[in-house]
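For reference, the chains in residue letters:
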Amino acid sequence: MLVIRPIEQKDFAGLKTCAIESGTGMTSLPVNDELLQRKIDASTQTFSDKPAGKGDCLYFFVAEDLETGEMVGTCAIDAAVGLSQPFYNYHIGKVVHSSPKLGIYNVVETLTLSNDYTGNSELCTLFLRECAREGLNGRLLSKHRFLFMAEHPELFDETVFAEMRGVSDADGHSPFYEWLQKHFFSMDFPTVDYLTGIGKKRFIAELMPKYPIYVNLLSNEARAVIGQTHEKTRPAIKMLQDEGFVNRGYVDIFDAGPTVECDVKNIRSVRRSQKLRVLVGEPIGGKTHLVCNTRYEHYRACYGNIRVDLDKHEAIIPPKMAAALKVQDGDMVRAVDLD
């Protein structure tokens, strides 16, 4: 059984393993000991003293295999991006070039550098190791964050978004970035991806084109991948789309992967989640649910069969799940079906 919990100092080795295995394009998991330690420190500080409201806070979670004690995945929520350093993306827009006298009317797509997501909450750092990619583990790792936000709505912005990894090959070559590199940069994609991941973003403002880029001037290869996701990211974006997330024309500034967003109140798992009182026992006739406890510092989440009685607002939870969630008879949990 996998359980989701806040990251702890003991997870450093597992976090570094995830960073190594995630490869190029996973900006929020660079292979850098200092940065990984800062992430652990930032999250443990956040969970040790609950904020009064939304702020520049990182909520970093790990997936632990309870049978082996091994850390097999990561995910996080950045409560408000862009408050301590700029958060950049491109917005796809349109300009019209027309001359009624000559009978010419052309609509051209543009990419404009923006900071439009400043202050919004971001879903980030989702990575599940190959050894754990089975059953509903991926859905647990991604979707439990919606239960956490539903339980603690005051800590997050009304809009939440996620940047999806764009197209690049096994060697880290991005068709979109190769065009940028040729005209504006002298660094390869893995290098800029790494610098962005460790927080050294000043070069973006210094080297990025200051004016809108005309999409029709890009190479055919670069145009073809705008708004497209990496093949390994397709299940993740499909999952978010099923939850109500949509793309509103924003893409990543380096690999042109799409950004999807949704108002928290409209996320399927937030709307359909329910708070239920625990009864520990055998859930005969139960259904598969994603379940979390209602604690903050000692938050836990997992999935399994439970039996829900809506009339009594109760959930019959098997002993193994109750132990994983650290709950007992009379405690409260938040649950949503995974059908």
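It should be emphasised that the depicted structure is a prediction, and the values quoted were computed from it without experimental measurement.

Draft legend 1. Region of the structure containing the domain arrangement of the chain. Domain assignment breaks the chain into domain 1 (1-82 + 118-197 + 219-267) and domain 2 (272-335). Spacing between the C-alpha centres of domain 1 and domain 2 amounts to 27 Å. The partner domain 2 presents 19 residues to the 27 residues of domain 1 that form the contact. Here domain 1 and domain 2 share an interface that buries about 2000 Å² over both sides, 67% of which is from carbon and sulfur atoms. The largest contributions to the domain 1 side of the interface with domain 2 come from Met1, Leu147 and Glu151, which together make up 32% of the buried area.

Draft legend 2. Quick peek at the pairing of strand S5 (residues 104-114). With 11 bridges connecting them, strand S4 (residues 89-99) and S5 associate as antiparallel partners. Residue Val96 lies in a different strand from S5, and its bridge partner there is Val107. Taking the residues between adjacent antiparallel strands as the criterion, S4 and S5 are bridged by 4 residues, where Gly103 takes a positive phi near 70°. By the bridge criterion, 2 bridges tie S5 to strand S8 (residues 213-214) in an arrangement that is antiparallel. Pairing of Thr110 across the sheet is with Tyr214, part of S8.

Draft legend 3. Expanded view of the packing of aromatic side chains. Across all of its chains, the model carries 18 aromatic pairs by this definition. Here the aromatic rings of Tyr117 and Phe161 are separated by 4.3 Å at their centres, their planes lie at 25°, and the arrangement is stacked. Of the two residues, Tyr117 is situated in the loop between S5 and strand S6 (121-128) and Phe161 in strand S7 (residues 159-163); the sequence distance between them amounts to 44 residues.

Draft legend 4. Region of interest: the side chain of Arg300. Inspection of the secondary structure assignment puts Arg300 in the loop between strand S12 (287-293) and strand S13 (301-309). No salt bridge is formed by the buried Arg300. Its closest oppositely charged neighbour is Glu8, at 4.5 Å. With residues near it in sequence (within four places) discarded, Arg300 still touches Val3, Ile4, Arg5, Pro6, Glu8, Val291, Cys292, Asn293, Ala324, Leu325 and Lys326.

Draft legend 5. Just the nonpolar core, in detail. If you look at the biggest cluster of nonpolar residues, it comprises 42 residues, and the most contacted ones within it are Tyr59, Phe61, Leu123, Phe148 and Phe245. Residue contributions to this core reach at least three from each of two domains, namely domain 1 (1-82 + 118-197 + 219-267) and domain 2 (272-335). Residues Tyr88, Tyr90, Phe176 and Val225 belong to the second largest nonpolar core, which totals 18 residues.

Draft legend 6. Examining the pattern of salt bridges more closely. Considering all chains together, one arrives at 18 salt bridges under this definition. The salt bridge involving Arg5 is made with Glu8; its shortest N-O contact spans 3.8 Å. A relative accessible area of 4% means that Arg5 is categorised as buried. Exposure remark for Glu8: the relative accessible area of 29% places this residue in the partly exposed category. Its salt-bridge partner being Arg5, residue Glu64 comes within 2.7 Å of it at the nearest N-O pair.

Draft legend 7. Geometry of helix H8 (residues 234-242). Among all positions in H8, only Ala236, Ile237, Met239 and Leu240 are buried. Burial along H8 is one-sided: seen end-on, the buried residues are contained in an arc of 155°. On its buried face, H8 is in contact with S6, helix H3 (137-151), S7 and strand S10 (258-263).

Conventions we followed
- Residues numbered from 1 in each chain as written.
- Predicted model: local features only at pLDDT ≥ 70, side-chain atom pairs only at ≥ 80, totals over all residues.
- Heavy atoms only, no water.
- Domains from an automatic or database assignment.
- Contact = heavy atoms within 4.5 Å.
- Buried area = accessible area lost by both parts, 1.4 Å probe.
- Pairing = 2+ DSSP bridges.
- Helix = DSSP H or I, 4+ residues; strand = E, 2+ residues; numbered from the N terminus.
- Phe/Tyr/Trp six-rings, centres within 6.5 Å; stacked < 30°, edge-to-face > 60°.
- Buried < 20%, exposed > 50% of the residue type's maximum accessible area, 1.4 Å probe, protein only.
- Lys, Arg positive; Asp, Glu negative; His and termini not counted.
- Salt bridge = Lys/Arg side-chain N within 4 Å of Asp/Glu carboxyl O.
- Core = buried A, V, L, I, M, F, W, Y, C linked by side-chain atoms within 4.5 Å.
- Arc of directions from axis to C-beta.

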